[in-house]
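Observations on the three-dimensional arrangement
What follows is each chain in one-letter form.
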Amino acid sequence: QAQFVESGGGLVQPGGSLRLSCAASVSAFRRLSMGWYRQAPGDQRDLVAGISMGGVTNYGNDVKGRFTISRDNANNTVSLQMTNLKPDDTAVYYCNLWPQPVGGWGQGTQVTVSA
C-alpha cells in the first residue's frame, strides 16, 4: 500500500485551475511538515510548495501568487490549489514530507496544461 496517494490531476487549458489532493498514510500526520513536488519529462523533481505542522508555507518562485498549499489534519490530507495554470506547469505532481522527503514516493498525478 502506497504511503502517499495523489489525485486530482487532469487536462486543463492555460489560465485554468485544478485542485490536487494527497492522502498520507502516516502516523502523527499533524506533527509532520508536508510538501508538493513536481517532475516534468526529462527534468528533476522540484519542490512546488511546503507547509509546516504549524501552517507556515513555502513556495517555489515559479508558482508564488498562483498556487496555495493547505492541510487537513483531521483527514491526513494536504491539498494544492492551482490557478492561472501555464503550459510550463505540466508535470507529474507528488506529495511527500518536507523539507526532507522519504523514499516511498507515490505514483503522482499528471497535470497537463495545453490549449
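Residues numbered from 1 in each chain as written. Predicted model: local features only at pLDDT ≥ 70, side-chain atom pairs only at ≥ 80, totals over all residues. Heavy atoms only, no water.

1. Let's talk about the nonpolar core
W36, L80, M82 and Y93 are the most contacted members of the largest nonpolar core, which totals 27 residues. Elements represented by at least two residues in this core include exactly β3 (18-24), β4 (34-39), β5 (45-51), β7 (67-72), β8 (77-82), β9 (91-97) and β10 (109-113). (Core = buried A, V, L, I, M, F, W, Y, C linked by side-chain atoms within 4.5 Å. Buried < 20%, exposed > 50% of the residue type's maximum accessible area, 1.4 Å probe, protein only. Helix = DSSP H or I, 4+ residues; strand = E, 2+ residues; numbered from the N terminus.)

2. Brief notes about the environment of A91
Within the fold, A91 resides in strand β9. For A91 and P101, which are ten residues apart along the polypeptide, the C-alpha to C-alpha distance reads 18 Å. Sequence-distant contacts of A91, defined by excluding residues within four places in its chain, comprise R38, Q39, A40, T109, Q110 and V111. (Contact = heavy atoms within 4.5 Å.)

3. Notes on the state of the cysteines
Evaluation of the coordinates by the stated rule reveals one disulfide. Here C22 connects covalently by a disulfide to C95, the sulfurs 1.7 Å from one another. Torsion about the S-S bond of the C22 and C95 cystine: about 60°, corresponding to right-handed handedness. You can see C22 sitting in strand β3 and its partner C95 sitting in strand β9, a full 73 residues away along the chain. With a relative accessible area of 1%, C22 lands in the buried category. Judged by its relative accessible area of 0%, C95 falls in the buried class. (Disulfide = S-S within 2.5 Å.)

4. Points about unusual backbone geometry
Leaving glycine aside, a negative phi is the common case for residues, and trans is the common case for peptide bonds. Cis peptide bonds are those with omega within 30 degrees of zero, and the linkage from W98 to P99 qualifies with 0°. Inspection of the secondary structure puts P99 in the loop between β9 and β10. The residue A28 is not glycine, and still its phi comes out positive at about 55°. With respect to the helices, strands and loops of the structure, A28 is situated in the loop between β3 and β4. Positive phi values are uncommon outside glycine, yet N84 reaches one of about 50°. Structurally, the position occupied by N84 is in the loop between β8 and β9. N84 sits in the partly exposed class, given a relative accessible area of 42%.

5. Observations regarding the pattern of salt bridges
Summed over the entire model, instances satisfying the criterion amount to two salt bridges. As a salt-bridge pair, R38 and D89 come within 2.9 Å of each other at their nearest N and O atoms. In this pair, R38 sits in strand β4 while D89 sits in the loop between β8 and β9, placing the two residues 51 residues apart along the sequence. Of the charged contacts in the structure, one is a salt bridge between D89 and R66, with a shortest N-O distance of 2.8 Å. Highlighted residues: D89 in the loop between β8 and β9 and R66 in the loop between β6 (57-59) and β7, separated in sequence by 23 residues. (Salt bridge = Lys/Arg side-chain N within 4 Å of Asp/Glu carboxyl O.)

6. Examining the sheet that holds β9
With mixed pairing, the six strands of this open sheet are ordered in space as β2-β10-β9-β4-β5-β6. Where the open sheet ends on each side, the last strands, each with one partner, are β2 (10-12) and β6. When the angles between neighbouring strand axes are averaged without regard to direction, this sheet yields 25°. Pairing of β9 with β10, which is carried by three bridges, proceeds in the antiparallel orientation. From the neighbouring strand, V92 faces β10, where its bridge partner is Q110. (Pairing = 2+ DSSP bridges. Axes fitted to C-alpha atoms, helices over the stretch in contact; angles between N-to-C directions.)

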